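These are the residues of each chain, in order.
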Amino acid sequence: EVVLALKRVERHYVQGEKKLTILNGAEFVLHRGEMVALVAPSGAGKSTLLHTAGLLERPDAGEVVLAGRQCGKMSDEQRTAIRRNDVGFVYQFHHLLPEFSALENIAMPQLIKGLAPKEAKNRAAQLLDYMKIGKRAHHRPAELSGGEQQRVAIARAVANAPLVLLADEPTGNLDPVTASYVFDAMEALVRQSGLCALIATHNHELAARMNRRVTLQDGKIVDL
Ligand code: ADP
Ligand code: ADP
């Protein structure tokens, strides 16, 4: 079952006099249940690819299809609605709200969506348990370790039960041992919730544990 597809996607930036081509007829398919590693050097276009796939940026040409819906010609409002429902993002830095607890941070997207507070908190607590940090529920981000902060960020990204998780160096700030444990938890969560994920990483050990590895070459997405 195809969840996300990129079809002949192009993305160019203009830098002064120069036209920089990042994606040039990029084709990609992500299936339900799959975890795919995106491995490429800095500046290759990983963030551009993730933001285009996640409907944060529009391609200059080509189409992004999410759960069978062609998103190219949709309005910004439609794209935002789909992104909020069906896409979860995780970054190298957690971007948690500092004045709220771990539990509240995770419950936030569901409250915004209109879920009853009790339900949102129950789901947040369950996600904290899945991420093995149930005991940290009432701590604020500053009171958590780097690995714990990323676990909370991952739980928040999937709080609204998206179809796809897009992660940009989610363990990039962590030491290798912590990175491996955080990845364990993320993998368990993805597998358990039937998600699929595209994860940019420089960590070859983690890339090796995913179902497939792809890279960017001449603006195309190719298997490694
Ligand atoms: P990566 O995530 O692999 O490091 P990016 O997608 O962030 O790569 O960037 C790819 C290239 O595109 C880089 O050379 C970057 O400088 C350039 N770039 C990214 N965003 C913009 C932008 N908004 N305007 C101009 N150039 C950009
Ligand atoms: P908006 O900022 O338009 O209200 P949402 O709150 O609906 O967007 O965000 C949906 C998802 O997209 C969230 O996971 C959020 O973290 C991510 N997101 C929103 N805007 C950006 C951005 N400018 N850069 C990176 N991620 C973003």
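In case you missed it, the structure is sitting above this.
A brief look at the structure comes next. (Residues numbered from 1 in each chain as written. Chains lettered and ligands numbered in written order. Predicted model: local features only at pLDDT ≥ 70, side-chain atom pairs only at ≥ 80, totals over all residues. Heavy atoms only, no water.)

What follows is about the sheet that holds strand β6 (residues 87-90). Taken in spatial order, the 6 strands of this open sheet run β6-β7-β8-β3-β9-β10, and their pairing is mixed. Of all the strands in the sheet, the pair left with one neighbour each is β6 and β10 (220-223). For this sheet, the mean angle separating the axes of adjacent strands, direction not counted, is 25°. The pairing of β6 with strand β7 (residues 164-168) spans 4 bridges and is parallel. Each residue of the ladder has a partner; that of F89, found in β7, is L166. Strand contacts of helix α1 (residues 46-53): β3 (35-38), β6, β7, β8 (196-200), β9 (212-217) and β10, with the helix running at about 160° to β7, the strand carrying the most contacts. Its contacts with the sheet place helix α2 (residues 76-86) against β6 and β7, and it is angled at close to 70° to β6. (Pairing = 2+ DSSP bridges. Helix = DSSP H or I, 4+ residues; strand = E, 2+ residues; numbered from the N terminus. Axes fitted to C-alpha atoms, helices over the stretch in contact; angles between N-to-C directions. Contact = heavy atoms within 4.5 Å.)

Right, let's get into the pattern of salt bridges. Following the criterion strictly, the structure yields 11 salt bridges and no others. Across the salt bridge formed by R11 and E57, the nearest N and O atoms sit 2.8 Å from each other. On the criterion of sequence distance, the pair formed by R11 in strand β1 (residues 2-15) and E57 in the loop between α1 and β4 (61-66) is long-range, its members being 46 residues apart. Judged by relative accessible area, E57 falls into the buried class, the value being 18%. For R209, the salt bridge goes to D184, with nearest N and O atoms at 2.6 Å. Taken as a pair, R209 in the loop between α7 (204-208) and β9 and D184 in helix α6 (residues 176-192) lie far apart in primary sequence, 25 residues in all. (Salt bridge = Lys/Arg side-chain N within 4 Å of Asp/Glu carboxyl O. Buried < 20%, exposed > 50% of the residue type's maximum accessible area, 1.4 Å probe, protein only.)

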